Every structure is written in C-alpha cells, then in structure tokens.
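Report on the structure
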Amino acid sequence: MSNEKKELIGPAEEEIRTLLSQSGDPLEAIRAIQKDYGLDLAGIDDMYPLLDLCGYSRLEIHGACLDALNKATVHHIEQPTFQLENFYDLFEKTFKYIHIPLMQPIPMALLKKFEHHIEEDIIEKLKSDLAVFENCPLNIKQRIWKQDESFFQQTMISLLNDYHHDEALQLLALNLRPDNYQEMIEERVHVTEKPHCRRTHPIVLKVMDTISQDPEIYRMFMQMIRIVFEATPYPSLCSLRVDVLMNFHDLDCDPILRIDKCHQLIWSLDSCVRNQNMDETIIEKIKECFDNVKNGSTLYADFAMVLMDPMISNFLASTIVKWLRHNVEDSTQQENLEDLTNYNGKLLNLAEHAPYAIAHNAKIPKLDKDLKESYWSAICSLMLEEGNDVTVPMGEKPASIILPLLRRSDIARKVFVHYLVDRTFEGDIKTLTRCLPLILETWPAPDFEEDGIIYRQTYLSFIKTMMDILVKRNLFECIADIRWRQAVVEGFLLKVVAWDCRIHEQMIRFLAEYFLDPKILVKLGPQVGIIVEWADTTVVNGLKDDKHMKTLKDLYAFLLSRSNSILNGDYRISPPSVIQFCSS
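In the annotation of an unreviewed UniProt entry, the entry for the protein chain reads Negative elongation factor B, and the organism field reads Mucor circinelloides f. circinelloides.

**Quick notes on helix H26 (residues 429–441)**
Taking 1.5 Å of rise per residue, the 13 residues of H26 would be expected to cover 18 Å, and the 19 Å separating its terminal C-alpha atoms lies within 8% of that figure. For H26, every residue scored as buried is listed here: Ile 429, Thr 431, Leu 432, Arg 434, Cys 435, Leu 436, Leu 438 and Ile 439.

**Quick look at the domain arrangement of the protein chain**
By a widely used convention, the size of an interface equals the accessible area lost when the partners come together. As far as domains go, the protein chain holds domain 1 (15–147), domain 2 (389–395 + 409–491) and domain 3 (495–583). Just the C-alpha atoms count here: the centres of domain 1 and domain 3 sit 56 Å apart.

**What about a nonpolar patch on the surface?**
Where nonpolar side chains cluster on the molecular surface, the patch consists of Met 47, Leu 50 and Leu 53 and spans about 330 Å² of accessible area. Along the chain, Leu 50 falls in helix H3 (residues 44–53).

**A look at the state of the cysteines**
Using the criterion set out here, one finds 0 disulfides in the structure. Sulfur of Cys 65: no disulfide; nearest cysteine sulfur belongs to Cys 54 and is 14 Å away. The cysteine Cys 582 is free of any disulfide, with Cys 501 supplying the nearest cysteine sulfur at 15 Å.

**Here we look at the packing of helix H10 (residues 149–165) against helix H15 (residues 235–250)**
For the pair H10 and H15, interaxial distance at closest approach is 9 Å and the crossing angle is 110 degrees. Comparing the axis directions of H10 and H15 gives the class roughly perpendicular. Note on element contacts: H15 touches H10 through Ser 236, Leu 237, Ser 239, Leu 240 and Asp 243, opposite Leu 160, Tyr 163 and His 164. Tallied by class, residues from the contact of H10 with H15 come to 4 nonpolar, 3 polar and 1 charged.

**Comments concerning the pattern of salt bridges**
Throughout the structure, instances matching the rule amount to 31 salt bridges. In this structure, Asp 179 engages Lys 472 in a salt bridge whose closest nitrogen and oxygen atoms are separated by 3.0 Å. Pair noted here: Asp 179 is in the loop between helix H11 (167–174) and helix H12 (181–186) and Lys 472 is in helix H27 (residues 452–473), with a separation of 293 residues, a long-range link. Residues Asp 410 and Lys 414 are paired through a salt bridge, measuring 2.7 Å at the closest nitrogen-oxygen approach. Here Asp 410 and its partner Lys 414 are both found in helix H25 (residues 410–425), 4 residues apart, which amounts to about one turn of the helix. On the accessibility criterion, Lys 414 (10% relative accessible area) is buried. Salt bridges here are not isolated pairs; linked through shared partners, they connect Arg 198, Arg 199, Asp 243, Asp 270, Arg 274 and Asp 309.

**So, a negative patch on the surface**
On the surface, a cluster of negative charge is made up of Asp 279, Glu 280, Glu 338 and Asp 339. Tracing the backbone through its elements, the reader meets Asp 339 in helix H21 (residues 334–352).

**Some thoughts on the packing of helix H30 (residues 501–512) against helix H32 (residues 529–541)**
Here H30 crosses H32 at 165 degrees, and the two axes come no closer than 10 Å. In terms of their interaxial angle, H30 and H32 are classed as roughly antiparallel. Read as a crossing pair, H30 and H32 show a hand that is left-handed. Residues His 504, Met 507 and Leu 511 of H30 pack against Ile 531, Trp 534, Ala 535, Thr 538 and Val 539 of H32. In the contact of H30 with H32, the residues fall into 6 nonpolar, 2 polar and no charged.

The rules behind these values
Residues numbered from 1 in each chain as written. Predicted model: local features only at pLDDT ≥ 70, side-chain atom pairs only at ≥ 80, totals over all residues. Heavy atoms only, no water. Helix = DSSP H or I, 4+ residues; strand = E, 2+ residues; numbered from the N terminus. Expected span 1.5 Å × (residues − 1). Buried < 20%, exposed > 50% of the residue type's maximum accessible area, 1.4 Å probe, protein only. Domains from an automatic or database assignment. Patch = residues over 30% accessible without salt bridge, like charges linked within 9 Å, V, L, I, M, F, W, Y side chains within 5 Å. Areas by Shrake-Rupley, 256 points an atom, 1.4 Å probe, with all protein chains shown as cover. Salt bridge = Lys/Arg side-chain N within 4 Å of Asp/Glu carboxyl O. Disulfide = S-S within 2.5 Å. Axes fitted to C-alpha atoms, helices over the stretch in contact; angles between N-to-C directions. Parallel < 35°, antiparallel > 145°, perpendicular 65-115°, else oblique. Contact = heavy atoms within 4.5 Å. Nonpolar A, V, L, I, M, F, W, Y, C, P; charged D, E, K, R; others polar. Lys, Arg positive; Asp, Glu negative; His and termini not counted. Charge placed at Lys NZ, Arg CZ, Asp CG, Glu CD. Left-handed = near helix turned anticlockwise from the far one by under 90°.

This is how it looks when you write it as structure tokens:
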C-alpha cells in the first residue's frame, strides 16, 4: 500500500462526515473521498470506469475485494506455518474492528486458533457485545460460558423459549397416536407443511452444536433445564432433555453418557417407544435404574422429569390400556398383568409429580391407591360394556369411580383418553356416546392452577388426536350417521371449542376437510347444509383471544374459499355468523 491512500475504517468516519457537511458540492466531495479512500492497487483508477460500465458499484467492488482478502488471510492463519509470533501484531491491528461484521473473519479466525493466548480483558469485551459474541468461534464461547454460567443461561434461554413455542413440535407432542413413532422421533415428517421431527429439529441441532460433546457444557445444559422447569414446568423441556441425550447416545459420546445418570432410563424408555412394546425384560432394566436412588433425591426428580416427556408418558398410559384389555380377554394372565399395570402406574405417578419434586426438592407421594384398587377395574368394566346398545348408559359403579379420579389424577385422565382414542380408531360410537360426557364434566375450571399445564395438555391431546382420526376414518359418518353427529360433533366437539383457541382452530380445519374431497360432498348431498350450522356454532361458541384472532379469521376465510372453489361452488356455504366474524 502507498502512503497516498488513507484508512477508511476507524477515525476516517468523522473526517468523511465533516467533509460531506462542509463541502459546497457533495458530488465533488464524494469523488475526493473515493480517490483518497479507494483501493490502493496498481491500475485501479483505470479499472474503476470499466467496472462502472459493467454495472458494478464501488460498494460491490470493494466488498468483493474485502471478501477475497478475508478468505486469503483466514486461510493463511489456519496454516501450521502461522505461529504465535505472527498472531500478536495481526490481532492488535484487526481486533478494534471486530464490531464491524465485514471485518470479523480475520480476528475471529485468530480467536479460534489462539484461544489459549487471549487475555481476560479481550474476553470481557467480547461478552459486552452480544452481536459480536454470537459470531465468536465455539471454543471462545465455551470458555466464556464455563467462566460465567449465568451468561450461558442467558444465551440458552432464547433457544428454550423458541423450542417450547415451535408449532410443529407442539403438534407432535399433542399427537397420542402417531402413524409412525420412528418417523416422529428422528426422520423427516410433514407437520403443518413443515418437515420437522423431534431429534433432527433445527433447535435441537443448535443445542447439540452449542454443547459440542463437552461434558462441562452438557452439565450446565442439564442444570439450565432444571432451573427453567422449576419456574415453568412445561413438558417440552422434558422432551428436549430426552432428545439431546439420545442424540449423544447415537453419537456414542461416552464422556457425556457417563456423567448423565439418566442415560440408562432414557435409553430403555426410548427402546420401548420405538418398538411400542414393554416386556418384563425391559421393565427389569428400568427398575435397575432406581436401585439405590432415594425418593426425594435430585436424581429421583430427574427421573420423574424424564418420564414426563409426552412421548414417554403417553406410551406408558397406552400400554396400561393394552394390558387391561388383555386382562379382560384372558383372565389367566391376571396376576402378571396387574403387577405390570401397577408398575406403569407408578412410573406415571413420578411423571405427574415431577414439577412438585423439582420445585420443592421433595419426596414424590405414592401412587393413589384408588387407581390400583378400583380404577383399573372400572376401565375393564367399560371394556366389558362395549357391546351394549348405545341407549344403555354407563354402569353407575364405573361412573362413580372414574369421575372423581378424572378430576384429581392425571394418570386416570391419561389412561382414559388413550382408551377413548382406541375406541375412536375402532369406530366404537357406543362407547364414545357413554364416555365423552365424562370428559365434558371434568375439564378444569378457569381458576384451576394446580398441575394445570399437564391437566389441560392431556385433554387437548385427546381432542386433537380424536379429530385427526375422525378426518381419516369417519368424516362421512359424522354427518350422515345421527349417532356420530349427535354424540361426537354436536354433543362434544361443538362444546369443547369454548375451552381453548387451539381447539377452535382445529375445529375449523375439521370442517374444511369436507371441502377437500369432492367424493364425500357428492355422497352427502343436501346434508352438507349441516356444516353451515356447525360453522356458525363454532364461531359463536369458540374461544377467541387477540393472539389467535388473525389465525382464526384466516382459517374461516380458507373454509369459505374452499367451499366456493370445489365442484364449481355447487356446495358453497355462507354461514352468516362466520361471515360477520371475518368482516368485523
């Protein structure tokens, strides 16, 4: 570089501002700036006009040169020949520009290679500018996190928040009967038109990159999950805890697997979920995890948190329903199945009390004895009544046992809704007619707080899963068969839309499904008019709030447009209350 050219970065900023403000001719000032601060390359003044004719701005030209310079310098830094004696001078010259994104590659490459030689005052400067810190190499970030765990927690909290609110993951967590558990866990499946699944989700992969197989950072991650869960005991945190550990298991990352005492429990339960099977051999593996682990200890609470993962807790509940049916169909297995059922009940009891155990560092109470002594039998009684005529009400004794337990026990609720999911899948309208009113009677009151998160999620999961099954198997019957219409739609779905905006949204999607298949419309004929009544009832009864208002209006608009476009609009609907809502 010759001495005629000036450095554009740093003190030049004020000099250029002064020159522009005091100049009588701004264009002349700009030409002077370009000359004084342009590239100092042989023949560059002759090249500029040619490049201008090619349509390239000075910004593009200088940016391309800077990019090439950055790449060449970074490549040079990464070579073995670039040693510590070369580091200090270059770092001193470039670090003062690290806050400028275009100038970051060189100082960042130096930070990465010579992290052990970076002084603490530099570390403090990196921490003070979050935009700069975000672009730092991982080894620098990990050094900072290990020195200041609260700073690590600040970094992670946004990731946890994004994970919890991710719509695709929320829908996966609410699905009680996935078509394929293997795909839900780790392969790419389509959820709301976005290809996501649990363990290859971008946020999970970002967490994996952040930890980078470092046992100390992983310990900090586990502690972070615990801290956040204590304040907001969302099941999504349990899912993240499970999925990150299983990703490290798949990588055979022994340093992390050795420090996580939940590894064997998570691995055993993951095997159960994948295979949809839980035999005595795997149960013994699970029991081994609890050997010498005291109720009330930190590890015992961590176990409870793992079990609260919706995928795991739902599997345990569905397995109880399967065993109870085996018990009804083959009483010779009764003793063995009773032990298995009670053990799964015990695991679900830990899951139900995970928030209490984590928040209070306290012992988890024993499984409600009424579950063991009467509730399992009451569910078996429902199974025995499945063949009864739809006009025959539920037996008085089962109802008197089931209702109180649905109000106070999430284990009872989980087992009950999994039983009803099976009945929906089998098209058992008789059992649904008898049992759906019990769901209506036991939705938590508006002021219900204790275990409210889990309580509501259990019922929301059932309603979402039930609608998914109805769309695939019973759309026609829900209108054409008066039993389905009255018990399932008018007697249940059109009432529960008042509970939650997400149910309201899904009910609109349910109605729109009728206008996605011309065959079903032709088959229904004039009965399509029933959808007009349902749509108006939904918009009147459905819960609305400011957060969901736009989505609700968009969904109703989609419903109307679909009805207008299919089969030349012969089956278009114009529900007056819906039209009024959309135009309000």
